[in-house]
Amino acid sequence: MKSPFLHLWGMPILLGIFSAIGLVSALVADGLGDLLSWLTLGLLVLLMAWCWLKPAR
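To start, this report covers the structure provided alongside it. (Residues numbered from 1 in each chain as written. Predicted model: local features only at pLDDT ≥ 70, side-chain atom pairs only at ≥ 80, totals over all residues. Heavy atoms only, no water.)

An α-helical turn contains 3.6 residues, so a residue and the one three or four places further along point in the same direction. An ideal rise of 1.5 Å per residue puts 36 Å on 25 residues; helix α1 (residues 4–28) measures up with 36 Å between its terminal C-alpha atoms. In α1, a bend of some 50 degrees at G10 exceeds every other bend along the element, and P12, a proline, comes one to four places later. (Helix = DSSP H or I, 4+ residues; strand = E, 2+ residues; numbered from the N terminus. Expected span 1.5 Å × (residues − 1). Bend = angle between axes of the 7 residues up to and from the residue.)

Running from N to C, α1 and helix α2 (residues 32–53) point in directions that differ by 145 degrees, and their axes come no closer than 8 Å. In the crossing of α1 with α2, the sense of the turn from one axis to the other is left-handed. Judged by residue contacts, L15, F18, S19, I21, G22, L23, S25 and A26 of α1 engage G33, D34, L36, S37, T40, L41, L43, L44 and L47 from α2. (Axes fitted to C-alpha atoms, helices over the stretch in contact; angles between N-to-C directions. Left-handed = near helix turned anticlockwise from the far one by under 90°. Contact = heavy atoms within 4.5 Å.)

Printed below as a string of C-alpha cells:
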C-alpha cells in the first residue's frame, strides 16, 4: 500500500529535485551540464503546460 505521505508529497518533491538539478547544472557546468539543465527545466515547463491545458474531469 502506498503511504499517504508519498501520495501527497511525492510529485512536489520530484519536481523540486528536477528544479535543483537543472538550476545547479546551469550555474556550474558547461557542455553536457548545459544540456542537462535545458532538459530538466524544459521537462518542468512541459509538465506545467500539460497540467494547465488538460481538460478538467
